[in-house]
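Next come the chains, spelled out residue by residue.
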Amino acid sequence: MYGIEYKNEIILIDAGLKFPDAHMNGVDYIIPDIRYLLDKPQQIKALFLTHGHEDHIGAVPYLLKHLSFPIYGGALTIDLVKAKLEEHKLTNSVDFHIIQDHERVSFQHLSVHFFRTIHSIPDAFGIVVDTPYGSIVHTGDFKFDMTPEGKTADLHKMMQLGEKGVLALLSDSTNSEREGQSLSEHTVGKSVLELIQQCEGRVLFATFASNVHRLQQVIHAASECNRRILILGRSMEKIFSIGQELGHLHIPQGMLMDMKEIHTTPHHQVIILCTGSQGEPNAALTRIAAGSHRHVQIFPGDTVVFSSSPIPGNIIQVNRSIDMLMRSGAAVLYGAEYDIHTSGHGSREDLKLMIRTMRPKYFIPIHGEYRMLVSHQKLAEQVGIPSNRIYVLNIGEPLLITKYHARKGRNLPSGSSFVIRGKVESHEPELIDERNRLAKDGVLIVALVLNNETCQMIAGPDLISRGFVYVRDANELMKTAESHLKSALYGLEQKKEARCEIWEHKISEVLQNFFYSQLQRTPVIFSSIHSVSHPTQVKDD
Ligand SMILES: [Zn+2]
Ligand SMILES: [Zn+2]
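Analysis parameters
Each chain has its residues counted from 1, following the order in which its sequence is written. By the order in which they are written, chains take letters starting at A while ligands take numbers starting at 1. The predicted nature of this model means local features are confined to residues of pLDDT at least 70 and side-chain atom pairs, given and counted, to a pLDDT of 80 or more, with totals for whole chains, interfaces and linings taken over all residues. Computation of side-chain values: all heavy atoms of the structure, hydrogens and water removed. A run of H or I in DSSP becomes a helix once it reaches four residues, and a run of E becomes a strand once it reaches two; helices and strands are each numbered from the N terminus. Each residue is placed in one exposure class: buried if its accessible area under a 1.4 Å probe, protein chains only, is under 20% of its type's maximum, exposed if it is over 50%, and partly exposed if it falls in between. Here, residues are in contact when the closest pair of their heavy atoms is within 4.5 Å. Under the convention used here, Asp and Glu are negative, Lys and Arg are positive, and both His and the chain ends fall outside the count. For charged residues, the charge sits on one atom: NZ in Lys, CZ in Arg, CG in Asp, CD in Glu. As used here, the term nonpolar core means buried Ala, Val, Leu, Ile, Met, Phe, Trp, Tyr and Cys residues forming a set that is joined through side-chain atoms within 4.5 Å. Domain extents, as shown, originate in an automatic or database domain assignment. Here, a strand pair is defined by DSSP locating no fewer than two bridges between the strands. Throughout, an axis means a line fitted to C-alpha atoms (over the contacting stretch in the case of helices), and angles, computed between N-to-C directions, take values from 0 to 180 degrees. UniProt positions are given in the numbering used here, feature names are shortened, and annotations may be inferred rather than shown by experiment. Residues adjacent in sequence count toward polar contacts only when both atoms are side-chain atoms; beyond that, a polar contact is any pair of N or O atoms within 3.5 Å, and within protein one must be able to donate a hydrogen and the other to accept it. Counted as salt bridges are all cases of a side-chain nitrogen of Lys or Arg within 4 Å of a carboxyl oxygen of Asp or Glu. The rule for donors is simple: an N, O or S atom within 2.8 Å of the metal counts, and for Na, K and Ca the reach is 3.2 Å. Water is not among the atoms, so a site may look short of donors. Under the classification used here, a metal with four donors is tetrahedral if each angle lies between 85 and 135 degrees, square planar if opposite donors are over 155 degrees apart and the others between 65 and 115, a six-donor metal meeting that same test is octahedral, and anything else is irregular. Stacked, edge-to-face and tilted labels apply to pairs of Phe, Tyr and Trp rings (six-membered ring for Trp) whose centres lie within 6.5 Å, assigned for plane angles under 30 degrees, over 60, and everything in between, in that order.

Student: So, the overall build of the protein chain: which residues are in play, and what are the values?
Tutor: A tally of regular secondary structure across the protein chain gives 15 helices and 24 strands. Dimensions along the principal axes, computed over C-alpha positions, put the protein chain at roughly 85 × 70 × 45 Å. Within the span of the protein chain, comprising 541 residues, buried residues form 51% of the whole. Residue pairs in contact within the protein chain that sit at least 24 positions apart in sequence constitute 72% of those at least 6 positions apart. Here the protein chain carries 55 positive and 61 negative side-chain charges, and the mean point of each set is 3 Å from the other.

Student: A description of the nonpolar core should follow, citing residues and the corresponding values.
Tutor: By size, the foremost hydrophobic cluster in this structure holds 58 residues, and its most contacted members are Val60, Ile71, Phe205, Ile229 and Phe240. If you tally residues by element for this core, the top one is helix H7 (residues 212–224), at six residues. A domain split of this core shows at least three residues from each of domain 1 (17–180 + 343–427) and domain 2 (185–338). Ignoring anything within four residues of it in the chain, the contact list for Phe240 reads Leu215, Ile219, Ile231, Leu249, Ile251, Leu256 and Leu273. In terms of nonpolar packing, the next biggest core, distinct from the first, is built from 26 residues, Ile99, Val105, Val112 and Tyr391 among them.

Student: Before we move on, could you go through the pairing of strand E15 (residues 303–306) and cite the residues and values that matter?
Tutor: The side-chain alternation of E15 yields two buried faces, one formed by Thr303 and Val305 and the other by Val304 and Phe306. Where strand E12 (residues 203–206) lies against E15, four bridges are found, and the strand directions are parallel. When the sheet's bridge partners are listed, Phe205 is paired in E15 with Val305. As judged from the three bridges shared by E15 and strand E16 (residues 331–333), these two strands associate in the parallel manner.

Student: Mind laying out the sheet that holds strand E5 (residues 71–73), listing which residues take part and the relevant values?
Tutor: Two pairing modes exist for strands in a sheet, parallel and antiparallel, and in both the strands are linked by backbone hydrogen bonds. The strand order E1-E2-E4-E5-E6 describes an open sheet built from five strands, whose pairing is mixed. With one partner strand each, in any of the chains shown, strand E1 (2–6) and strand E6 (96–98) form the two edges of the open sheet. Taking the axes of each pair of neighbouring strands and ignoring which way they run, one obtains an average angle of 20 degrees across the sheet. Both strand E2 (residues 9–13) and strand E4 (residues 44–48) contribute to a ladder of four bridges, which runs parallel. Looking across to E4, one finds that Ile13 is bridged to Phe48. Contacts from helix H4 (residues 75–87) reach E5 and E6, with the element oriented near 155 degrees to E6.

Student: Describe the UniProt feature "active site" (unreviewed entry) in the protein chain, and please don't skip the residues or the numbers.
Tutor: The sites that carry the UniProt feature "active site" (unreviewed entry) are, in the present numbering, Asp172 and His345. Despite a sequence span of 174 residues, these residues sit close together in the fold, their greatest C-alpha distance being 7.5 Å. Not counting residues within four places of it along the chain, the set of residues in contact with Asp172 comprises Thr139, Gly140, Asp141, Phe142, His345, Leu351, Ile366, His367 and His376. Here the side chain of Asp172 touches Thr174 through a polar contact of 2.7 Å, side chain to side chain. Assignment of secondary structure puts His345 in the loop between E16 and helix H11 (348–358). Judged by its relative accessible area of 14%, His345 falls in the buried class.

Student: Explain the pattern of salt bridges to me, using residue names and the numbers behind them.
Tutor: Taken as a whole and judged by the stated rule, the model has 17 salt bridges. A salt bridge links Asp130 to Arg104, with the shortest nitrogen-to-oxygen separation between them at 2.8 Å. Here Asp130 is found in strand E9 (residues 124–131), whereas its partner Arg104 is found in strand E7 (residues 104–106), with 26 residues between them in sequence. Overall, the relative accessible area of 12% leaves Asp130 in the buried class.

Student: Now, about the coordination of the zinc ion (ligand 2): what can you tell me, with residues and values included?
Tutor: Around the zinc ion (ligand 2), the protein contributes the donor atoms Asp55 (OD), His56 (NE2), Asp141 (OD) and His367 (NE2), which lie 2.0 to 2.2 Å from the metal centre. Classification of the site at the zinc ion (ligand 2) rests on its four donor atoms, whose angles at the metal span 84 to 161 degrees, yielding the label irregular. The sequence motif formed by the donor residues of the zinc ion (ligand 2) is D-H-x84-D-x225-H. A separation of 3.4 Å is found between the zinc ion (ligand 2) and the zinc ion (ligand 1), which are bridged by Asp141. Note on Asp55: relative accessible area 34%, which makes it partly exposed.

Student: Lay out the sheet that holds strand E24 (residues 524–532) with the relevant residues and their values.
Tutor: Read from one edge to the other, the open sheet built from three strands follows the order E23-E22-E24, with strand pairing classed as mixed. Because the sheet does not close on itself, it has two edges, and the strands there are strand E23 (456–466) and E24. Taking the axes of each pair of neighbouring strands and ignoring which way they run, one obtains an average angle of 15 degrees across the sheet. Sheet analysis places strand E22 (residues 443–451) next to E24, joined by nine bridges and oriented parallel.

Student: For the packing of aromatic side chains, give the residues involved together with the corresponding values.
Tutor: Considering all chains together, one arrives at seven aromatic pairs under this definition. Ring pairing ties together the aromatic residues Phe48, Tyr72, Phe114 and Phe125, which thus form one cluster.

Student: So, the pairing of E2: which residues are in play, and what are the values?
Tutor: Within E2, five of the five residues are buried, which leaves the element mostly enclosed by the surrounding structure. Burial of E2 is two-sided: the residues Glu9, Ile11 and Ile13 facing one way and the residues Ile10 and Leu12 facing the other way are all buried. When E1 meets E2, the two strands line up antiparallel, connected through five bridges. If you follow Glu5 over to E2, its bridge partner there is Ile10.

Student: Can you break down the coordination of the zinc ion (ligand 1) residue by residue, with the values?
Tutor: Protein-derived coordination of the zinc ion (ligand 1) comes from His51 (NE2), His53 (ND1), His119 (NE2) and Asp141 (OD), at a distance range of 2.1 to 2.4 Å. Angles of 90 to 165 degrees at the metal separate the four donor atoms of the zinc ion (ligand 1), which places the site in the irregular class. Mapping the donors of the zinc ion (ligand 1) onto the primary sequence gives the spacing H-x1-H-x65-H-x21-D.

Student: How would you summarise the side chain of Asp130 if you had to cite specific residues and measurements?
Tutor: Engagement of the side chain of Asp130 in a polar contact is seen with the side chain of Arg104, the distance being 2.8 Å. A polar side-chain atom of Asp130 sits 2.7 Å from a polar atom in the side chain of Ser135.

Student: Describe unusual backbone geometry, listing the residues and the values that go with them.
Tutor: The residue Asp14 is not glycine, and still its phi comes out positive at about 65 degrees. Relative to the helices and strands, Asp14 is located in the loop between E2 and strand E3 (29–32). By relative accessible area, Asp14 is classed as buried at 4%. The phi angle at Asp123 is positive, at roughly 60 degrees, despite the residue not being glycine. With respect to the helices and strands, the residue Asp123 is situated in the loop between strand E8 (111–117) and E9. A relative accessible area of 10% places Asp123 in the buried class.

Pasting the structure below:
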């Protein structure tokens with residue numbers, strides 16, 4: 001999420017979510033920390049969305065729970081946000097505006113206009129914020145494609161912006177490490193058709209549901225090859241209905257089949273268009289691969305096409321899916337050799353072209369991991385932006401631009417918030433650390449009963465393992481730990497220590513040291529101390 005602030009006006013651009021790394025146990029999503037905005041809600045004039053991918057719109061429902069502002073975006077983007085709000089059962093009335101190509105949205109000091117770009121989803125826009133000091137351009141995610149599917153990019157407007165002068169350019173860095181120019185959608189369309197023409201059995205085609213142009217290519221290939229399409233996956237169904245409504249998808253009559261027909265239609269007449277190109281555990285293709293889909297199973301002779309490239313964090317699960325599909329007898333086509341996928345992000349030549357076109361005074365590489373931002377920074381230097389005018393910013397680090405110069409400001413309250421089972425939790429590394437320890441080393445529960453008058457143990461300590469050791473194999477070890485602990489706690493009995501927290505601390509310290517020395521492991525120790533004043537009621541069994 002980016003913000004442009006001038007006097008009493010803040011313009012927000014995009015509000016996305018990030019998927020957690022594998023070590024963030026239990027975290028569903030990561031969304032921006034909005035503390036800075038919560039302090040000045042009145043100043044937020046609008047949120048402008050560059051396009052409808054999750055990493056650009058996913059946090060909108062969470063923002064709307066605390067803030068209210070009009071939302072501007074392309075038609076598809078707005079429809080996707082609306083569907084998202086419905087999923088979240090958010091009923092507050094939101095002021096939505098669909099961006100028109102030549103529209104200008106003006107506020108007291110700032111005004112905003114747009115230019116169409118090419119990306120792996122229709123209705124992608126670059127956003128221009130005109131300020132009293134000059135124009136700030138946010139490219140959104142983009143690539144240059146001279147033979148795209150659907151609408152073309154507004155190259156003319158981009159050139160005009162460059163002619164007029166751009167104060168600062170914020171540009172997509174995702175593919176800044178990739179040489180050359182990104183493959184055209186047209187080339188992919190041809191490959192998809194040729195590939196499906198060669199298949200004899202069923203084709204299972206997996207791609208991102210939001211890649212509407214790719215879906216259209218599959219529809220075209222199906223029609224050319226006399227095949228019909230079965231759609232599998234909730235997000236795929238949703239995009240088919242929205243895409244058709246907005247005129248992005250053109251589906252010949254009779255092209256779509258329902259689940260019942262799949263069993264009676266000859267294999268050479270079937271394409272199953274499904275989610276799961278990233279190996280997502282609950283997606284249709286993953287369940288088919290695992291043999292757990294209720295209606296569809298793999299037959300020898302099936303061809304599965306992964307029209308996608310795995311996001312780095314998903315490589316293992318994608319490979320697992322591919323293995324399972326191959327084991328079931330399917331031919332699986334994936335990877336760069338087939339030209340069945342192209343990135344929606346510009347490679348180095350595209351990025352250079354954007355910088356050269358915009359000729360900005362200041363350059364800010366955005367969107368990507370840190371090394372990609374740095375690689376984009378070097379690229380900008382190569383095309384003539386002086387290094388002292390390029391700013392690689394960390395989250396929360398503002399760039400302060402005045403009439404004559406720019407400098408990094410002091411960090412704003414910022415960071416990431418975690419979404420855990422639909423609830424937003426502030427970023428607490430301790431919580432995640434603890435979960436990781438639980439996952440790695442398990443938990444050891446210590447139960448004992450303490451007479452709080454005499455400070456003597458009258459039952460326990462009993463050690464119970466959950467995910468730490470398999471008790472049947474570690475009986476001896478647990479017994480040794482128990483007696484070791486007992487003698488350590490004897491000291492507290494002698495001191496007549498009645499405070500439970502001191503007992504807990506001692507238990508934790510003794511067992512952590514013991515198990516680390518024995519097994520080099522540090523389970524989470526949980527003490528359950530039952531303190532009683534009438535020991536006769538307690539029976540030690
Ligand atoms: Zn995108
Ligand atoms: Zn993105």
